[in-house]
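Chain by chain, the residues:
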Amino acid sequence: MRKVIVKSSIELTRDQKTKLELGLNVAESEIDYIIDEGLIGGIAILDGDKILDATAAQDLIDMKKVADKLISDSLKKGIAVKDIPALLKENSKDIVESQLDFKVCGKVISAADGVVHIDGLSDCCYNELLLIGNKAYALAMNLTTNSIGAILLSGTAVEYGDIAYSTGKIIEVPVGDALLGRVIDPLGNALDGRPAARTDISRRIEFPAPSIVDRSKVKESLSTGILAIDAMIPIGKGQRELIIGDRQTGKTSLAIDSIINQRGKNVICIYVAIGQRAAAVSKIVKTLEEYGALSYTIIVLSTASDSAPLQYIAPYTGSAIAENFMYAGRDVLIVYDDLSKHAVAYRTISLLLKRPAGREAFPGDIFYIHSKLLERAAKLSKELGGGSTTALPIIETQAGDIAAYIPTNVISITDGQIYLEGELFKAGQRPAVNVGLSVSRVGGSAQTKLMRNLSAQMRLDIAHYRELAVFSQFGSSLDESTKEILNYGAKIVESIKQAECSPLSTLKEELYLFAIVNKYLKKVPQNKVHEFLEAYYNYIIMQEAEICRRIDESGELSAEDEVKLKKTTSDYVSAYK
Ligand code: ATP
Ligand code: MG
């Protein structure tokens, strides 16, 4: 009876065994599988007296034989010893190439700290997915003439001698409706203890941003439900607005509140956690669930204990998931929490890949990796379905330094920033938005007309108040008009304080602004401002339901309605005790 022995360095999968048996046509024979780690990689087949040896160990033996012969020949010919290595390199490559297809196969020559260097793979593309042995996936990042530098995405037991294959693919992740309400890792695996999301569609994590002709103007509002922001730093669908501030200044809370406010507004939300603590993210998931926001939200999670490569690809995964919805004509809000940690993960990878370090030890292309990510947020033209992705990247500053390298980069990429100030936060002004340093470059055109008119005045009032407040600390005697401005300014600032997870509807924001800007708070003590506004809103929606309906529909307040609303408000205020 024919006997076939198959030796391999690692156990073959059932699929591989079936294929092999079909190829060898061993229906009538006995087949033995032996695992021999000494083979390093590849397989050897002993079929009767025929031997087929395609192992890495044999390659090395062959190489050594050639090398030995070359060295002895060279020495006989009088070639200098220093020239031998170059000769060896030339010839040994020929030998290996004749056995392995070096275009798609290579050998690991070093593996440490999640970074592998591979000899061979001459046809490999940048960002191509590589399969190493049967145990790990890596991403090609450095393409040099002699070797490839790749970062490990999964599996860690990669060693010298493992065979690497280029798969011809850029990484893809599952996308689609099935992911809604789920927590996934950057490779698309479920992390919420439920079975993997069933979806047939996948998308490359890297994708070119829409070109200028593919985009249309940002003109629809994406309300966050936070009065200070919707009034003074408005965000439009398709905009990229940076949330920046020191640690513990309410950056994440602001983003989560914006997600909660999208309930019933047909906006899909994606929260990408980069290098966050798992406990903090699980708290966020709970909050979202509590406020009914999880059903339209997807969470892409890479925790602080994940490898740098996983943290690095997380935002691109989020972006790919968002694009799938955007190109289907839907509106998406994506939060990247936070890009400072993303930059650090990329710096780690770059240093391990021995790329030259630049300012603050970040590599030269750090601007590019953030811009290629944020440029993918867009409002698409009508021809492309009119979908949008609004991006809220978060950046953590050190001691309020917004002029550091990464903050300035991201500020210049985005269409504005919301600056949260530690001092304000500590003083109880929450959300701690610094109105002077925050801007929204495109969102103004997305605001309703009424909101735009009212908020312009409010911005000026706050600026004026802050300026006077600084000076009033020096002088003791203040004239009446200054006192009045200071007094009223304090009430305006009080009125834009807002607790977490309590978003306001647009109508409510507009009525609040109407009362604030038209100086109806004069009689109200500072500590009663919120109580007053709440009661005022309830009164107006009952008393002037028609006007409210018209404001809600058109976003405007006609001159006639304004007179009426002012009269009702004055009556309400005079009756206020
Ligand atoms: P980190 O730098 O750790 O990521 P962060 O800037 O994201 O912090 P958050 O985690 O959002 O800040 O908030 C910090 C703390 O402030 C939390 O305990 C949160 O509950 C509280 N907080 C945030 N916003 C408000 C608010 N509007 N009113 C009251 N408390 C708030
Ligand atoms: Mg945070």
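This text goes with the structure placed above it.
The following refers to the structure shown. (Residues numbered from 1 in each chain as written. Chains lettered and ligands numbered in written order. Predicted model: local features only at pLDDT ≥ 70, side-chain atom pairs only at ≥ 80, totals over all residues. Heavy atoms only, no water.)

Attention now moves to helix H13 (residues 480–495). For H13, which comprises 16 residues, the first-to-last C-alpha distance of 23 Å matches the rise-based estimate of 22 Å (1.5 Å per residue) to within 8%. Considered for burial, the residues of H13 that qualify are Thr-482, Leu-486, Tyr-488, Gly-489, Ala-490, Lys-491, Ile-492, Val-493, Glu-494 and Ser-495. Buried-residue contacts for H13 involve helix H4 (227–232), helix H12 (449–472), helix H14 (506–517) and helix H15 (529–543). (Helix = DSSP H or I, 4+ residues; strand = E, 2+ residues; numbered from the N terminus. Expected span 1.5 Å × (residues − 1). Buried < 20%, exposed > 50% of the residue type's maximum accessible area, 1.4 Å probe, protein only. Contact = heavy atoms within 4.5 Å.)

Take the site of ligand 1 next. In the vicinity of ligand 1, 14 residues are found, and the nearest of them are Gln-248, Lys-251, Thr-252, Ser-253 and Glu-500. Here an oxygen atom of ligand 1 and a side-chain polar atom of Lys-251 are 2.7 Å apart. Here ligand 1 loses 73% of its free accessible area of 620 Å² to cover by the protein chains. With three residues, the single largest contributor to the shell around ligand 1 is helix H5 (residues 251–260). Split by residue class, the shell around ligand 1 holds three nonpolar, six polar and five charged. (Near = heavy atom within 4 Å. Polar contact = N/O pair within 3.5 Å; in protein donor to acceptor, adjacent residues only side chain to side chain. Areas by Shrake-Rupley, 256 points an atom, 1.4 Å probe, with all protein chains shown as cover. Nonpolar A, V, L, I, M, F, W, Y, C, P; charged D, E, K, R; others polar.)

It is worth spelling out the sheet that holds strand S2 (residues 30–35) at this point. Strands sit in the order S2-S1-S3-S4 across an open sheet of four strands; the sheet is mixed. Edge positions in the open sheet fall to S2 and strand S4 (50–55), since each of these has one partner strand only. Averaged over neighbouring strand pairs, the angle between their axes works out to 15° when direction is ignored. Relative to S2, strand S1 (residues 3–8) runs parallel, the two being bridged by six bridges. Bridging across to S2, Ser-8 finds its partner in Ile-35. (Pairing = 2+ DSSP bridges. Axes fitted to C-alpha atoms, helices over the stretch in contact; angles between N-to-C directions.)

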